[in-house]
Amino acid sequence: MDEKVWEKIDSLIDANQTKTIKELFASDPDRAKRFSLEAAGWFLDYSKNRIDSAMMKALVKLAESANLKTEIEKMFTGEKINVTENRAVLHTALRNCDPNAKVFVDGKDVMPGVRETLSRMGDFSDKVRSGEWKGYTGKRIKYVVNIGIGGSDLGPVMANIALTPYSKRNMKFFFVSNVDSTHLAETLREIKAPETLFIVASKTFTTQETMSNAEAARDWLVEKLGSKDAVAKHFVALSTAEKEVAEFGIDTKNMFGFWDWVGGRYSLPSAIGLSLMISIGRRNYSKLLKGYWKMDKHFRTARFERNMPVIMALLGILYANGYGAESYCILPYDQYLSRFPAYCQQMDMESNGKCVDKQGNRVTYSTGPIEWGEPGTNGQHSFYQLIHQGTHLIPCDFIGCSRTHNPIGDLHDKLMANLFAQTEALAFGKSAEECRAEGVPEELVPFKTFEGNKPTNTLLTDELTPETLGALVALYEHKVFVQGVIWNVYSYDQWGVQLGKVLAKGVLNDLTAKKPSGKHDASTNQLIARYRAAVGR
Ligand code: G6Q
């Protein structure tokens, strides 16, 4: 990161140390308006942050000094910015709705393939939704089970919940990810084989968890329907690995492909979104892509001072690197976004959880923050206490929708009142004087005082729709991208995940072999021995 720019930011932090968010509001009546903007159906109010115009200027310099503009173009135009895997990073091509767009990788336009897959997915989901696609015994599909993990699970799960109001209510959707047999077993209890479609979602088609669950599901289906021929009617694959898909026994006509330039955690708008498309239909799925695309265009073209993902990224960097904040909270005040924090957690922590810069040196500053969150108002009755009065600085994003899909009495007013009230309380707190004026006994004043000055962003949309969901996901994707550029880390590899995949194989051999190798450390050997004894090996 540019040290000169950081000197400026640090000096502004020092100068502002005594200026609380409350004082910043008091001295600037236009503040709320100035530090707000709209893009792709979302309104961002970032005025409740520890910033003024000088700070925002310095932060924008940070982006400029990292050549952000050039880096954005590199991503959108298919340059191989995922250097350690020698791959382009083109999730933006998946939702490029311009019918004339061309995007080249290795001299080949990828857009015809993107459009062709989308159209095949559309035809297939139409057939499943209408009942034209029949199972082996001639029954229509009622249950869809997506088997995948990580990037091949979290996006579809999050979006399926988020877009429930648009879902086909006479069908049921399940997501099996964990290699814990309980996950599959409990799902199998809920479904009927003749009416079930299994979607095996795996970019590599080699992931232990997914393949084990898929094989077990295939055995279950064959046993229930009495023939291996049933597999073709009940299994489809979402993958980049045609050979492995065929080996599994899935007809490659029923395989929906994608490409190595789609990272797992960015793959929701690829074939990985098939379960969602079946649920909400191809038209709503197109609207989701349109929402993504709107945010993509905003990100690519808006100047940094008015660029929503850039602003959110810069604010995150201010707290992580300027104030030493270690974590960061995402708080959706919409039950349909209940899995959005978990989805962002993977996207952010897998992308920027890196301690080595692009030159291969250990970084001297903190990178990706610990990200967490729960839907409001539940969190208010658990961990908000620590955000209000604990010793950690935890910047928060509050996300809300002005209209609910389910109006019941004044519940929605109450929900939104809570959202706004929390951001107000976090920013402005309650002083000792205010407590005394309320008649709080002197001995309780220290406990009932709220420092305030806690930074929050508020994101508002009129309604959660396929389009606004797409835009929201793209917003966070691009925020992560910008931070990766400024931290100078490779955001699109995940060697830590790969390590886990390799390690588990070695240990599995030792759990099941006649004699364990004893090659591990003393603790791991002991745990392996204890497990073997308990299961009688
Ligand atoms: C995502 C990661 C990881 C991946 C899973 C599943 O960016 O690479 O979460 O999505 O490990 O991988 P497969 O899709 O290959 O099964």
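Residues numbered from 1 in each chain as written. Predicted model: local features only at pLDDT ≥ 70, side-chain atom pairs only at ≥ 80, totals over all residues. Heavy atoms only, no water.

J.: Hey, could you run me through the overall build of the protein in this one?
T.: The helix and strand inventory of the protein stands at 22 helices and 13 strands. In terms of C-alpha radius of gyration, the protein reaches 25 Å, essentially the compact-globule figure of 24 Å for 537 residues. Along the longest, intermediate and shortest principal axes, the C-alpha atoms of the protein span 75 × 60 × 55 Å. Relative to its 537 residues, the protein shows a buried fraction of 52%. The contacts of the protein with a sequence gap of at least 6 include a subset with a gap of at least 24, amounting to 74%. A total of about 24100 Å² of accessible surface is found on the protein, and carbon and sulfur atoms cover 52% of it. (Helix = DSSP H or I, 4+ residues; strand = E, 2+ residues; numbered from the N terminus. Rg over C-alpha atoms; globule rule 2.2 N^0.38 Å. Buried < 20%, exposed > 50% of the residue type's maximum accessible area, 1.4 Å probe, protein only. Contact = heavy atoms within 4.5 Å. Areas by Shrake-Rupley, 256 points an atom, 1.4 Å probe, with all protein chains shown as cover.)

J.: Help me understand the environment of Tyr-531, please; the structure alone is not making it clear to me.
T.: By the secondary structure assignment, Tyr-531 is in helix α22 (residues 522-534). Between the C-alpha atom of Tyr-531 and that of Leu-511, which follows or precedes it by 20 residues, the distance is 7.6 Å. Tyr-531 has contacts with Leu-511 and Arg-537, leaving out every residue within four places of it along the chain.

J.: Which parts of the structure should I look at to understand the sheet that holds strand β9 (residues 255-257)?
T.: Within a sheet, neighbouring strands are paired by backbone hydrogen bonds and run either parallel or antiparallel to one another. With parallel pairing, the five strands of this open sheet are ordered in space as β6-β5-β7-β8-β9. For this open sheet the edge positions go to β6 (172-176) and β9, each flanked by a neighbour on one side alone. If you compare each strand with its neighbour and ignore which way they point, the axes differ by 20° on average. The pairing of strand β5 (residues 143-147) with strand β7 (residues 196-201) spans five bridges and is classified as parallel. Bridge pairing in β7 places Val-144 opposite Leu-197. (Pairing = 2+ DSSP bridges. Axes fitted to C-alpha atoms, helices over the stretch in contact; angles between N-to-C directions.)

J.: How should the pairing of β7 be read in this particular structure?
T.: Consecutive side chains along a regular strand alternate between the two faces of the sheet. Within β7, six of the six residues are buried, which leaves it mostly tucked inside the rest of the structure. Across the two faces of β7 the burial is the same, with Thr-196, Phe-198 and Val-200 and Leu-197, Ile-199 and Ala-201 all buried. As paired elements, β7 and strand β8 (residues 235-239) share four bridges and run parallel to each other. Looking at β8, one finds that Phe-198 is bridged to Phe-235.

J.: Teacher, can you tell me more about unusual backbone geometry here?
T.: When glycine is set aside, most residues are seen to have a negative phi, and most peptide bonds are trans. Omega for the bond connecting Gly-376 with Thr-377 falls within 30 degrees of zero, at 5°, which places this linkage in the cis form. Within the element layout of this structure, Thr-377 appears in the loop between β11 (370-372) and α16 (384-389). Positive phi, normally seen in glycine, also occurs at Asn-453, with a value near 65°. Position of Asn-453 relative to the elements: it lies in the loop between α19 (445-448) and β13 (456-461).

J.: Can you help me understand a positive patch on the surface in this one?
T.: A cluster of basic residues, Lys-139, Lys-142, Lys-172 and Lys-192, forms a positive patch on the protein surface. Within the secondary structure, Lys-172 is located in strand β6. (Patch = residues over 30% accessible without salt bridge, like charges linked within 9 Å, V, L, I, M, F, W, Y side chains within 5 Å. Salt bridge = Lys/Arg side-chain N within 4 Å of Asp/Glu carboxyl O. Lys, Arg positive; Asp, Glu negative; His and termini not counted. Charge placed at Lys NZ, Arg CZ, Asp CG, Glu CD.)

J.: Teacher, can you tell me more about the packing of helix α13 (residues 274-301) against helix α20 (residues 466-487) here?
T.: The packing of two helices is summarised by the inter-axis angle and the distance between the axes. Relative orientation of the contacting elements α13 and α20 amounts to 40°, with a least axis distance of 7 Å. In terms of orientation, α13 and α20 fall into the oblique class. Read as a crossing pair, α13 and α20 show a hand that is right-handed. Counted together, Asn-284, Lys-287, Leu-288, Lys-290, Gly-291, Tyr-292, Lys-294, Met-295, Asp-296 and Phe-299 of α13 and Pro-466, Glu-467, Leu-469, Gly-470, Ala-471, Val-473, Ala-474, Leu-475, Glu-477, His-478, Phe-481 and Val-482 of α20 form the full contact between these two elements. Of the residues in the contact of α13 with α20, the class split is twelve nonpolar, four polar and six charged. (Parallel < 35°, antiparallel > 145°, perpendicular 65-115°, else oblique. Left-handed = near helix turned anticlockwise from the far one by under 90°. Nonpolar A, V, L, I, M, F, W, Y, C, P; charged D, E, K, R; others polar.)

J.: Sorry, what's going on with the sheet that holds strand β10 (residues 327-333) here?
T.: The strand order β1-β2-β13-β12-β10-β11 describes an open sheet built from six strands, whose pairing is mixed. Of all strands in the sheet, those with a lone pairing partner are β1 (36-39) and β11, marking the two edges. In this sheet, adjacent strand axes meet at a mean angle of 15° when their direction is disregarded. Sheet topology note: the β1/strand β2 (residues 42-45) ladder contains four bridges and is antiparallel. Residue pairing for β2: Ala-39 is matched across the bridge by Trp-42. On the sheet, helix α17 (residues 411-428) packs against β10, β12 (396-401) and β13 and is oriented at approximately 155° with respect to β12.

J.: Just to check I follow, could you spell out a negative patch on the surface for this structure?
T.: A surface patch of like charges, here negative, comprises Glu-3, Glu-7, Asp-10 and Asp-14. Within the secondary structure, Glu-3 is located in helix α1 (residues 3-16). Take Glu-3: its relative accessible area is 65%, and that puts it in the exposed class.

All we've got here are geometric facts, nothing functional implied.
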